[in-house]
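The primary structure of each chain is shown beneath.
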Amino acid sequence: MAMESANVVVYTQRRVRSCLLSLLLVSTSSAFTSPIFQETVTLQRTAPSKTNGVEIELPNFEELFGRIQDVSPLARLAISGTGSGIGGGFGAVDDSTPADLKWKNIKRSKRDMVHDISKIDNFQNLGPPLLRWRASMKGPCHGLMFADFIMNVEKRQAWDPQIENVVELYPIYDLDTANIAMLGKYGDCQKLGVGYTLTKAHPIGISPREQLTLCGIQNFDDGSALIWGTELEDWHDHLLPAGERLTRAKSHLFSIALVPTGDDSFDAEYVLQLDFGGNLPHWMTAPLVLDSVKGMFGVAQPFFNAGEGSELHEYLKEEKVRENSFEDRNSILFTP
């Protein structure tokens, strides 16, 4: 009984800290007030890619992650580091949002894995709605493996048949460059680079689309992760692959926050504002995105819950060996 009371006290204290920090993040955020990228060359902060001579413009990370935290309470929780473990995730999330963000619920069902879908119409007066999916999943929380369902063409095609290709064109040369630019505020950057997406023609008459995005993965000490992306600007078009240019679709904002809720479970919050480009009405394209992303969770769940002997299980074993080898190397190098 004493142990249960102690656990309640600890959880309550953690929840209070989480709420206070979330309120602070919401009230002081300057999100959507500054540009993510700078067209003026002298104001740009760049980093070399792994391709000789190709520089990547780094975003204003404060602005980028401020925007994500404004619209994704679970991302706010992941960055704060106060909401993982039993009773965490959506159980610890603070849904406070800036007063001008008017969420409309599309679906809510506690029985379903994807138990909440919401939207903000014409977000930031850009036309398409901002969509948000919330899911509670079984399996280990792993940002890089979850990101494969977005960035790996085979896994992406398993739930998004309109995808022709997804490729990382220009990974950053040194991730420490990104971590330094983030000032240590947003976990550890595990992956960052410029990606290209090409879609097929859609049966309802949508022609092929292309996208050029900057994407990354942040890992946090409590096992949480944040997958993020934003469309690059016109002055980055020289990074597009050679060939005929297609109608440009744009992901104005994209993030997936993952927070472990136990040793073998995690919560996920997917946020996306996607503009198909052209003259397509948003009322026609938004339902396509809603159903597609909902289907992604259905494809990802068996992968994460496959258990021993699965692709994920084998990857985690190899990852543990690599981590142990690195720790052993460090102990040899830094022991006096």
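Everything quoted here is computed from the prediction, not taken from an experiment.

### Some words on the overall build of the chain
Summing up its helical and strand segments, the chain has 8 helices and 12 strands in all. For the chain, the accessible area works out to roughly 16,600 Å², and carbon and sulfur atoms hold 54% of it.

### Topic: the packing of helix α2 (residues 61–71) against helix α3 (residues 73–80)
At a minimum axis distance of 5 Å, the contact between α2 and α3 shows a crossing angle of 120°. Classified by the angle their axes make, α2 and α3 are oblique. Note on element contacts: α3 touches α2 through P73, A75, R76 and I79, opposite I68, Q69, D70 and V71. Of the residues belonging to the contact of α2 with α3, the class tally is 5 nonpolar, 1 polar and 2 charged.

### Quick word on the layout of surface pockets
Its boundaries defined by the atoms lining it, the largest pocket holds a volume of some 850 Å³. Lining the largest pocket are 46 residues, and of these R156, D160, I163, T197 and Q211 sit closest to its centre. Broken down by secondary-structure element, the contributors of at least two residues to the lining of the largest pocket are α4 (143–151), β6 (163–171), β7 (188–199), β8 (209–219), β9 (225–231), β11 (250–262), β12 (265–275) and α7 (282–304). For the lining of the largest pocket, the leading source of residues is β7, giving 8 residues.

### Looking at empty space enclosed by the protein
To locate leftover empty space, one rolls a probe as large as a water molecule over the atoms. For the coordinates displayed, the defined rule picks out 1 cavity of 30 Å³ or more. For the largest cavity, the calculated volume is near 60 Å³. P128, P129, L131, L272, L274, F276, H282, T285, A286 and V289 together form the lining of the largest cavity. Listing elements by their share of the lining of the largest cavity, those giving two or more residues are β12 and α7.

### Quick look at the pairing of strand β2 (residues 55–58)
As paired elements, strand β1 (residues 45–48) and β2 share 4 bridges and run antiparallel to each other. Pairing of T46 across the sheet is with E57, part of β2. Hairpin connection from β1 to β2: 6 residues lie between these consecutive antiparallel strands, with G53 at a positive phi of about 90°.

Thresholds applied
Along each chain, residues carry numbers from 1 onward, in the same order as the chain's sequence is written. At least 70 in pLDDT is required for a residue's local features to be given in this predicted model, at least 80 for side-chain atom pairs to be given and counted, and no such filter applies to totals for whole chains, interfaces and linings, which use all residues. Only hydrogens and water are removed before side-chain values are computed, so all heavy atoms of the structure are retained for them. Comment: elements are numbered from the N terminus, with helices defined as DSSP H or I runs of at least four residues and strands as E runs of at least two. Note on areas: these come from Shrake-Rupley sampling with a 1.4 Å probe, and a residue is covered only by the protein chains present in the view. To get an axis, a line is fitted to the C-alpha atoms, and for a helix only the part in contact is used. The angle between two axes follows their N-to-C directions and goes from 0 to 180 degrees. Convention used here: angles under 35 degrees read as roughly parallel, angles over 145 as roughly antiparallel, angles from 65 to 115 as roughly perpendicular, and any remaining angle as oblique. Whether two residues touch is decided by their heavy atoms; if any such pair falls within 4.5 Å, the residues are in contact. Classification convention: Asp, Glu, Lys, Arg as charged; Ala, Val, Leu, Ile, Met, Phe, Trp, Tyr, Cys, Pro as nonpolar; all other residues, Gly among them, as polar. For cavity detection a 1 Å grid was placed over the protein atoms alone, and a set of points counts as a cavity when a 1.4 Å probe fits there but cannot get out; an open set counts as a pocket when protein lies on both sides within 12 Å along at least five of seven lines, with lining residues being those that have an atom within 4 Å of a point. Grid points are joined across faces, edges and corners, and a volume is the space filled by probe spheres set on the points. Between any two strands, pairing holds if DSSP finds at least two bridges.

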